[in-house]
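# Topology and contacts: notes
Each chain is listed here by its residues.
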Amino acid sequence: MFIWDCHTHLSGVPGDTPEARLENLLRYADRMGIERICVSMGMSWSYDPSPEDLRKQNDEVLRAVKAFPERAFGFVYLNPKHTAASLTELERCVADGPLVGVKLWVAMRCNDPALDPLVRRAAELKALILQHTYVKATGNLPGESTPADLVELARRHPTATFFCGHTGGNQEIGIPAIRECKNIYADLCGSDPHAGFTELAVRELGADRVLYGSDAGGRSFASQLAKVYGADIPESAKRKILGTNLKRLLTPILKAKGV
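Residues numbered from 1 in each chain as written. Predicted model: local features only at pLDDT ≥ 70, side-chain atom pairs only at ≥ 80, totals over all residues. Heavy atoms only, no water.

### Side note on the environment of Thr167
Within the secondary structure layout, Thr167 lies in the loop between strand 6 (162–165) and helix 6 (171–178). The buried category is assigned to Thr167, whose relative accessible area is 0%. When the C-alpha atoms of Thr167 and Glu35 are compared, they prove to be 23 Å apart, with 132 residues separating the residues in sequence. Setting aside its immediate chain neighbours within four residues, Thr167 contacts Thr133, Pro147, Gly174, Ile175, Ile178, Ala186, Asp187 and Phe197. There is a polar contact of 2.8 Å between the side chain of Thr167 and the backbone oxygen of Asp187. (Helix = DSSP H or I, 4+ residues; strand = E, 2+ residues; numbered from the N terminus. Buried < 20%, exposed > 50% of the residue type's maximum accessible area, 1.4 Å probe, protein only. Contact = heavy atoms within 4.5 Å. Polar contact = N/O pair within 3.5 Å; in protein donor to acceptor, adjacent residues only side chain to side chain.)

Shown next, in the form of structure tokens:
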């Protein structure tokens, strides 16, 4: 079965340039039989990036995917606090560039109406939207979103497609939260590979709404693949989760770009 990873980063990987970091990331992916990866954010991150920092980080992703166009898809990093700058980046990197998705992190909780113009334009472009979500026992960061926050946003934008990054980090909270919102997909990445995560997602959402992701280089490819390979689910469901679901979701924007 082919494997496409919906969630990776240039951070946490050795290399002095974006190209070198992606080359190393792909070398690790090759060990695990991973064919393609989606990458977002630059070599160093900030919780609340300025317009200048957004452009710098997106330039690094553009450089990386340009070097490996057959292996990597890029997502543009946006900050809803800077609407004009984020819309400019969306046009530059997605409408007029090779990137195929949007990455939103912790600058602002995603239920805020400030996200609406960004999501509307992303949906017009058929770009996928990867929103980081977490439910932390120690308390979330001030701008950090939960799966419930993402549901509020997704219901306002039913034509947009969202990945619930990490599915809240706690599947017993995150999966029920997104269950009724059909344009949100569960991203398995980022937590420890404990038993039952994938089985619960398939049981509650159906295999068509579950995506394999790793969060590499913050997490290993192997530990996150274990959530799928070790799951007590049919082989057909594993195939969907590991690759065919992501390929299906990317097809509209890739066709629009002539890929």
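Next comes the rest of the account.
### A short note on helix 4 (residues 116–124)
Restricting attention to buried positions, one finds in helix 4 the residues Asp116, Leu118, Val119 and Ala122. Viewed end-on, helix 4 has its buried residues packed into an arc of 160°, placing them on one side of the element. After helix 4 finishes, the residue Lys126 shows a positive phi value of roughly 65°. (Arc of directions from axis to C-beta.)

### Concerning the nonpolar core
Side chains of a nonpolar character, in soluble globular proteins, are inclined to be buried together. Grouped together as the largest cluster of nonpolar side chains are 78 residues, with contacts concentrated most on Phe162, Phe163, Ile184, Tyr212, Leu246 and Leu250. Among the elements that make up this core, the one with the highest residue count is helix 9 (residues 235–256) (8 residues). Met41, Leu54, Tyr77 and Trp105 belong to the second largest nonpolar core, which has 5 residues in total. (Core = buried A, V, L, I, M, F, W, Y, C linked by side-chain atoms within 4.5 Å.)

### Examining the environment of Arg219
Here Arg219 is to be found in the loop between strand 8 (210–211) and helix 8 (221–229). Accessibility expressed as a relative area gives 30% for Arg219, which makes it partly exposed. With 27 residues separating them along the chain, Arg219 and Asp192 place their C-alpha atoms 9.0 Å apart. Sequence-distant contacts of Arg219, that is, excluding residues within four places in its chain, are made with Gly190, Ser191, Asp192, Ser214 and Gln224. At 3.0 Å, the side chain of Arg219 forms a polar contact with the backbone oxygen of Gly190.

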